[in-house]
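Secondary and tertiary structure notes
The residues making up each chain are set out below.
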Amino acid sequence: MGVSDMERFLPEKEEGYVVAVVGVTGAVGQTMLEILEQRKFPISKLIPLASSRSAGSKVSFSGKDVVVQDLASFEPEGVDIALFSAGGGTSKEFAPKFAEAGCFVVDNSSAWRMDEDIALVVPEVNPHALEMARHNRIIANPNCSTIQMVVALKPLHDVVPIERVNVSTYQAVSGAGGIAMDELAKQTASLLQGEEAEVDVFPARIAFNVIPQIDVFMDDGYTKEERKMMDETVKIMGANIAVTATTVRVPVFYGHSEAVNITFAAEMDADRARDLLADADGICVVDDPATEDYAMPSEAAGTDPVWVSRIRNDNSFRNSLHLWVVADNVRKGAALNAVQIAEILIR
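Notes on the structure follow. (Residues numbered from 1 in each chain as written. Predicted model: local features only at pLDDT ≥ 70, side-chain atom pairs only at ≥ 80, totals over all residues. Heavy atoms only, no water.)

Attention now goes to the side chain of Glu-258. On the secondary structure map, Glu-258 appears in strand β12 (residues 256-264). Salt bridges are absent for the buried Glu-258, whose nearest opposite-charge side chain, Arg-249, sits at 11 Å. When sequence neighbours within four positions are dropped, the list of residues in contact with Glu-258 reads Ser-145, Gln-148, Met-149, Val-167, Ser-168, Thr-169, Tyr-170, Met-229, Leu-323, Trp-324 and Val-325. (Helix = DSSP H or I, 4+ residues; strand = E, 2+ residues; numbered from the N terminus. Buried < 20%, exposed > 50% of the residue type's maximum accessible area, 1.4 Å probe, protein only. Lys, Arg positive; Asp, Glu negative; His and termini not counted. Salt bridge = Lys/Arg side-chain N within 4 Å of Asp/Glu carboxyl O. Contact = heavy atoms within 4.5 Å.)

Okay, structure coming up:
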């Protein structure tokens, strides 16, 4: 089932929809506002929400200043869509209240992703999963690193089924929030001045370093971030794909990069894969070894596509390919994906 085959989730409203953004003062919340405005989402009323610490401050939207309201005391009746980016605990407490009031919730935290009754959606990959939201009205936004990878996997899997994925990620510090970006900036400045770098946010110094740990370690030796990628990929793709991951934090502000090795059930030639990816929605292929042209996070930052490069056959193993996949983790990896889901809800 594609988007065009679905019945409407929300009735058409000529005046637009009432949209709440929860966690509006954070980096993802701010980017949600930017994308809603850039994509001209039909909004009759915007309601910015945050914790009591931020209530009373103002955010800018469509040339106007809008006062941030306190989430804890807000009554959600009349809200059509709520975009949540305020952490798992907040989502667990407040998302059901919005849903019970008749609102569709698109949640960016990990709170609902692996709940078997909750849709986990990437619009380019599995929009049909939104049908699950008709009865519970909560939709989960996947992990940032998962989103960009499955966008690249889907057009290939549709032609030749994928059996296994082995991915190593190189993830920007913005994935850990504003305090993480501040830590990278401060550590870099300290080291360049010959001073010691203070470590607070990450388990080790991030400036001029890479850290092969994102989130806590689990009993099997994988980190929680790696487990998210592995489990979410299978749920989104709706296929019994074997996935293994190594997630690494790198001293980059914006833009996650991934080295993805894919094994197929039958032959998939690199040239065929390149053509399939170039024709797919949401993907931009930049792949010319002759001119050393490939995607990098410095260029992907601030853009919407998933960028794919270094498409080549794996000569060491049958029916296998390598891809290099880059995307802005705050846009497609979070805010843009949520807004794209909201766009489907109003079609």
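Let's shift gears to the nonpolar core. Judged by nonpolar contacts, the single largest core of 59 residues is most densely connected at Phe-98, Val-165, Val-260 and Leu-323. Counting residues per element, this core draws most heavily on helix α4 (residues 144-157), which supplies seven residues. Setting aside anything within four residues of it in sequence, one finds Phe-98 in contact with Ala-20, Val-22, Leu-49, Leu-71, Phe-74, Pro-76, Ala-82, Phe-84, Cys-103 and Val-105. Core analysis: the second largest hydrophobic core is formed by 40 residues, Val-21, Val-66, Val-121 and Ile-341 among them. (Core = buried A, V, L, I, M, F, W, Y, C linked by side-chain atoms within 4.5 Å.)

As a further point, take the sheet that holds strand β8 (residues 119-120). Spatially, the seven strands line up as an open sheet ordered β5-β2-β1-β6-β7-β9-β8, and their pairing is parallel. Each edge of the open sheet carries a strand with a single partner, namely β5 (69-70) and β8. Sheet topology places strand β2 (residues 43-50) next to β5; two bridges connect them, and they run parallel. Within β5, the position partnered with Leu-49 by the bridge is Gln-69. Running over the sheet, helix α1 (residues 27-38) touches β1 (17-22), β2 and β6 (81-84) and is turned about 155 degrees from β1. (Pairing = 2+ DSSP bridges. Axes fitted to C-alpha atoms, helices over the stretch in contact; angles between N-to-C directions.)

Moving on, we get to the packing of α1 against helix α9 (residues 331-345). It is the contact of α1 with α9, at a shortest axis distance of 9 Å, that shows an interaxial angle of 50 degrees. With respect to their mutual orientation, α1 and α9 come out oblique. Crossing handedness for the pair α1 and α9: right-handed. Taking contact as the criterion, the partners of Val-28, Thr-31, Met-32, Glu-34, Ile-35, Leu-36 and Gln-38 in α1 are, on α9, Arg-331, Ala-334, Ala-335, Leu-336, Ala-338 and Val-339. Taken together, the residues of the contact of α1 with α9 sort by class into nine nonpolar, two polar and two charged. (Parallel < 35°, antiparallel > 145°, perpendicular 65-115°, else oblique. Left-handed = near helix turned anticlockwise from the far one by under 90°. Nonpolar A, V, L, I, M, F, W, Y, C, P; charged D, E, K, R; others polar.)

This part covers the pattern of salt bridges. Evaluated as defined, the whole model comprises 13 salt bridges. We note a salt bridge from Arg-227 to Asp-231, for which the minimum N-O separation is 3.5 Å. Remark: Asp-231 and Arg-227 occur in helix α6 (residues 224-237); sequence separation between them is four residues, near one turn of the helix. Take Arg-227: its relative accessible area is 23%, and that puts it in the partly exposed class. We note a salt bridge from Asp-287 to Arg-274, for which the minimum N-O separation is 2.9 Å. Remark: Arg-274 occurs in helix α7 (residues 270-278) and Asp-287 occurs in strand β14 (residues 287-288); sequence separation between them is 13 residues. For Asp-287, a relative accessible area of 16% corresponds to the buried category. In this structure Arg-274 comes out as partly exposed when scored by relative accessible area, which is 22%.

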